[in-house]
Amino acid sequence: MILISFMCLLLAAAVNPAQKIHEIKSDGVVILCSGGVAGTVKWVKDKNDIAGQTNATLEVKAEQGRVEGFYSCTYGDITHVFYLRVKVCENCYELSRLKATALIFGNLLITGLVILIVFIFANKNSGGTHKRASNLRSENPPQPPNPDYAVCMGTFLHAIND
């Protein structure tokens with residue numbers, strides 16, 4: 001428990017609330033530099049100044065469906081650094097972990113129910129377990145062949161061969 005508390009404390013200290021992706025659009029990302037006043041913010045991408053951008057928000061257009069790189073905003077003596085690696089598209093759908101987990105378990109549940117239903121109906125159609133007869137001799141054995149038929153057949157076969 002102490003280890004988990006310590007880990008949460010370190011994560012809370014490492015996250016800077018001023019670093020924030022404001023919005024992910026279909027063609028790019030909008031970054032918000034909290035605390036910066038419009039006209040005083042300097043934006044940098046991968047150590048290169050972005051000319052003409054002095055607002056507190058920066059709209060980054062996607063190149064080939066991706067926004068990647070280190071971005072930083074500076075106002076006064078405060079600098080915030082962002083690392084972006086975002087894939088954007090027009091027809092994307094965001095799926096949370098909870099929804100994905102529910103989808104997987106729901107699929108497993110439905111599949112299990114289908115298997116159970118098939119198993120139950122297959123058991124009903126097969127007649128259940130088959131019992132083996134204890135007496136192998138039949139109570140009503142087949143009738144012996146008619147002796148007249150055997151004679152007639154023999155005569156018929158004899159006539160064919162001649």
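Residues numbered from 1 in each chain as written. Predicted model: local features only at pLDDT ≥ 70, side-chain atom pairs only at ≥ 80, totals over all residues. Heavy atoms only, no water.

Looking at an unreviewed UniProt entry, one finds the protein named T-cell surface glycoprotein CD3 epsilon chain-like and attributed to Sinocyclocheilus anshuiensis.

1. Considering the UniProt feature "transmembrane region" (unreviewed entry) in the protein
Short version of the rule: UniProt positions are given in the numbering used here, feature names are shortened, and annotations may be inferred rather than shown by experiment. In this text, helices come from DSSP runs of H or I with a minimum length of four residues, and strands from runs of E with a minimum of two, each type numbered from the N-terminal end.
Mapped onto this numbering, the UniProt entry gives "transmembrane region" (unreviewed entry) at residues 102-122. End C-alpha to end C-alpha, residues 102-122 measures 30 Å, and it is 100% helix and 0% strand.

2. As for the pairing of strand β7 (residues 78-87)
For clarity, the cut-off: Following DSSP output, two strands are said to pair if at least two bridges run between them.
Bridge count between strand β6 (residues 66-75) and β7: 10 bridges; the pairing is antiparallel. For Gly-69, the partnering residue across the bridge sits in β7 and is Leu-84.

3. Some words on the nonpolar core
The line we're drawing: Think of a nonpolar core as a cluster: buried Ala, Val, Leu, Ile, Met, Phe, Trp, Tyr and Cys residues, connected wherever their side-chain atoms sit within 4.5 Å. Categorising residues by exposure relies on relative accessible area from a 1.4 Å probe, with only protein chains included: less than 20% of the type maximum marks a residue as buried, more than 50% marks it as exposed, and the intermediate range marks it as partly exposed. In this description, contact between two residues means that some pair of their heavy atoms is separated by no more than 4.5 Å.
Counting residues in hydrophobic clusters, the biggest one holds 15 residues, and the most contacted among them are Ile-31, Trp-43, Val-67 and Tyr-71. Breaking this core down by element, the ones donating at least two residues are β2 (28-33), β5 (57-61), β6 and β7. Take this core: its biggest share by element is 4 residues, from β6. Here Val-67 is in contact with Gly-28, Val-29, Val-60, Lys-61, Ala-62, Leu-84, Arg-85 and Val-86, once residues within four sequence places are set aside.

4. Concerning unusual backbone geometry
Even without glycine at this site, Asp-46 takes up a positive phi of about 45°. Following the sequence through the fold, Asp-46 ends up in the loop between β3 (42-45) and β4 (48-49).

5. Notes on a nonpolar patch on the surface
Rules: Like-charged residues are merged into a patch within 9 Å and nonpolar side chains (Val, Leu, Ile, Met, Phe, Trp, Tyr) within 5 Å, provided each residue has over 30% relative accessible area and no salt bridge. For the area figures, the Shrake-Rupley method with a 1.4 Å probe applies, and any residue is considered shielded solely by the protein chains shown. Each salt bridge in this description consists of a side-chain nitrogen of Lys or Arg and a carboxyl oxygen of Asp or Glu lying within 4 Å of one another.
A contiguous nonpolar surface patch, about 500 Å² in accessible area, is contributed by Leu-109, Leu-113, Leu-116, Phe-119 and Ile-120. Positionally, Leu-113 belongs in helix α2 (residues 97-125). According to the relative accessible area criterion, Leu-113 is partly exposed, its value standing at 46%.

6. Here's the deal with the sheet that holds β3
A sheet is described by the order of its strands in space; here 4 strands give the open sequence β4-β3-β6-β7, paired in antiparallel fashion. Each edge of the open sheet is held by one strand with a lone partner, namely β4 and β7.

7. Quick word on the side chain of Ser-72
Mapped onto the elements, Ser-72 comes out in strand β6. For Ser-72, the contacting residues outside a window of four places in its chain are Lys-42, Trp-43, Val-44, Thr-79, His-80 and Val-81.

8. Overview of the state of the cysteines
Keep this limit in mind: Criterion for a disulfide: a pair of cysteine sulfur atoms within 2.5 Å.
Enumeration according to the criterion identifies 1 disulfide in this entry. Put simply, Cys-33 and Cys-73 are joined by a disulfide, and their sulfur atoms are 2.0 Å apart. Between Cys-33 and Cys-73, the S-S dihedral sits near 75°, and the bridge is therefore right-handed. Separated by 40 residues along the polypeptide, Cys-33 in strand β2 and Cys-73 in strand β6 bring together distant segments of the chain. Take Cys-33: its relative accessible area is 1%, and that puts it in the buried class. Judged by its relative accessible area of 0%, Cys-73 is buried.

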